[in-house]
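# Architecture at a glance
Below, each chain spelled out in residue letters.
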Amino acid sequence: GHFVVRHRWAVAGICLAASFAVMTFLPQLESDNSTESFLKPGDPARRVYDAFRDQFGQDEEILIAIEPPEVFDLGFLAKLRDLHRDVENEVPYVEEVTSLWNVRNTRGEGDRLVVEDLLEDWPESERDLEILRARVLATPAYRNTVVDADATVTTLLVEPFIYSTRGDGDGDDALSGFDGDVAEDAAAPEFLTEGETIELIAALREVVARYEAPDFPVHMAGGSVIDRALSDTLMRDSTIFLAAGIAMMAVLLFALFRRSSGVLLPVLAVVLAIAVSYGAMAAVGIPASISGQVLPVLVLVVGISGAIHILAMVYHWLGEGADKETAIARALGHSGLAVLMATLTTAGGLVSFVVAPMAQISNLGIAAPVGVLLTFV
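Note that the structure is predicted; figures quoted are calculated from it, not measured.

Enumeration over the complete set of coordinates arrives at ten salt bridges. Between arginine 53 and aspartate 50 there is a salt bridge, with its nearest N and O atoms 2.9 Å apart. Taken as a pair, arginine 53 and aspartate 50 lie in helix α3 (residues 44-56) at a separation of three residues, close to a single helical turn. As far as the burial class goes, arginine 53 and aspartate 50 line up, both buried. Taken together, the salt bridges that share partners define one network made up of Arg46, Asp50 and Arg53.

Now for the sheet that holds strand β1 (residues 62-66). Ordered by their spatial adjacency, four strands build an open sheet running β2-β5-β1-β6, and the pairing between neighbours is antiparallel. On the outer flanks of this sheet lie β2 (94-98) and β6 (218-221), each paired with one strand and no other. Within the sheet, the average angular offset between the axes of one strand and its neighbour, ignoring direction, is 15°. Judged from the four bridges that link them, β2 and strand β5 (residues 154-160) form a sheet pairing that is antiparallel. Across the sheet, residue valine 94 finds its bridge partner in β5, namely proline 160. Lying on the sheet, helix α6 (residues 194-211) is in contact with β1, β2, β5 and β6; it crosses β1 at an angle near 10°.

So, on to the packing of helix α4 (residues 74-90) against α6. Contact geometry of α4 with α6 gives a least axis separation of 10 Å together with a crossing angle of 160°. One finds that α4 runs roughly antiparallel with respect to α6. The hand of the α4/α6 crossing is right-handed. Residues Lys79, Asp82, Leu83, Asp86, Val87 and Glu90 of α4 pack against Ala203, Leu204, Val207, Arg210 and Tyr211 of α6.

Another point: the confidence of the model for the protein. Scored by pLDDT, the protein comes out at a mean of 86, with 94% of its residues at no less than 70. Contacts from residues 169-178, a stretch scored under 50 in pLDDT, to residues over four places away or in other chains number two contacts.

Scanning the model with the defined rule gives six aromatic pairs in all. Seen from their ring centres, phenylalanine 52 and phenylalanine 56 are 5.2 Å apart, and the 40° between their planes marks the pair as tilted. Residue phenylalanine 52 and its partner phenylalanine 56 are located together in helix α3, separated by four residues, close to a single helical turn. Ring geometry for phenylalanine 257 versus tyrosine 315: centroids 5.2 Å apart, planes at 65°, classification edge-to-face. Taken together, the residues span a long stretch of sequence, with phenylalanine 257 in helix α7 (residues 223-257) and tyrosine 315 in helix α9 (residues 295-319) at a distance of 58 residues. Owing to a relative accessible area of 13%, tyrosine 315 belongs among the buried residues under this scheme. In textbook terms, an aromatic cluster arises when at least three aromatic residues are bridged by ring pairs, as seen for Phe76, Tyr211 and Phe216. Lying over the aromatic face of phenylalanine 191, arginine 53 brings its terminal NZ or CZ to 4.0 Å of the ring centre. For the cation-ring pair, arginine 330 lies above tryptophan 317, with the distance from its terminal atom to the ring centre recorded as 4.8 Å.

Take serine 335: it is sitting in helix α10 (residues 324-351). Accessibility expressed as a relative area gives 7% for serine 335, which makes it buried. Looking at serine 335, its side chain comes within polar contact range of the side chain of histidine 334, at 2.9 Å. Those residues in contact with serine 335 that sit more than four places away from it in its chain are His309, Ile310 and Met313.

A separate point is the environment of tyrosine 211. With respect to the element layout, tyrosine 211 can be found in helix α6. Residue classification places tyrosine 211 among the buried positions, given a relative accessible area of 12%. Sequence separation of tyrosine 211 and isoleucine 62 is 149 residues, and the distance between their C-alpha atoms is 17 Å. Not counting chain neighbours up to four residues away, the residues in contact with tyrosine 211 comprise Lys79, Asp82, Leu83, Asp86 and Phe216.

Thresholds, definitions, all that
Residues numbered from 1 in each chain as written. Predicted model: local features only at pLDDT ≥ 70, side-chain atom pairs only at ≥ 80, totals over all residues. Heavy atoms only, no water. Salt bridge = Lys/Arg side-chain N within 4 Å of Asp/Glu carboxyl O. Helix = DSSP H or I, 4+ residues; strand = E, 2+ residues; numbered from the N terminus. Buried < 20%, exposed > 50% of the residue type's maximum accessible area, 1.4 Å probe, protein only. Pairing = 2+ DSSP bridges. Axes fitted to C-alpha atoms, helices over the stretch in contact; angles between N-to-C directions. Contact = heavy atoms within 4.5 Å. Parallel < 35°, antiparallel > 145°, perpendicular 65-115°, else oblique. Left-handed = near helix turned anticlockwise from the far one by under 90°. pLDDT = per-residue confidence, 0-100. Phe/Tyr/Trp six-rings, centres within 6.5 Å; stacked < 30°, edge-to-face > 60°. Lys NZ or Arg CZ within 6 Å of the ring centre and 35° of its normal. Polar contact = N/O pair within 3.5 Å; in protein donor to acceptor, adjacent residues only side chain to side chain.

Below, the structure is given as structure tokens:
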């Protein structure tokens, strides 16, 4: 206590400089709530899941459902075709788009088997539309896939890439590997990353928003769409409730201490600890997640509690007539060890999460103890 007071500007400067140094990694923090983010890389279930995707393709398909007044209408079909083209041309990491415009149409004509896109021959009249409607509704492969049984809803099915494009060079040969000369130590391709999926969803939302209208209502579904909406909601709600929690703590601290220092110092320490914790997560590659949303709450509760113990004794000794240096030193002598042990036992309990089989909980066992210990520092 005496050392800190006597060298307070150096100590404060070092703490702030170290904090801001780690906080520079914050822009690199990613959010990952994908299916595989719950499983550790070596988890048997993860290996089975990766093998499934490797063999059968991407399982996180995106469905765009459109509910117009009339599906088999020339104006609507033209707008559907334009939406289909824009999704193909403007949305990254898209392997294939399937809709009424290009769904496979296989039929027999005399002694010939014709395989073409459904709307390869574009309808020109109401008669053509009636023939198209009858053909679509009479084909089991179309009903409840690209159009519902009542022809009131039609869909676009968007299939993302299986593998990530990170690290692909301009000189890569698309046919490399087919001659059998594959290096034995060649790394396995990385599946589409969460960051790339976020880019895909953002671009898809932007394209869809241009077309959405009262006569062209659009609904989006699919695992990646739901994950993105959930992540956005969690980030928004976490920010709101963390700010509300800090504000409530500030009011209670002021009611308890009746001093601005009794409010500003604990809140500053806690906010810095939370920011540095997330910066450390970004630095070591731990993504933010649903399970990780509890981190700010843990740091807030532990940090404010420790600060109350210390400050209560500081203000007690100041009230007894001691000078600031003596009051701070006595407060640390009286409560410092107790607060340290409480912090260490809390951090120790959180470290036990590291052995959890679920990856998000295991990551929390790394990040949460760091945040808790930082509040004490």
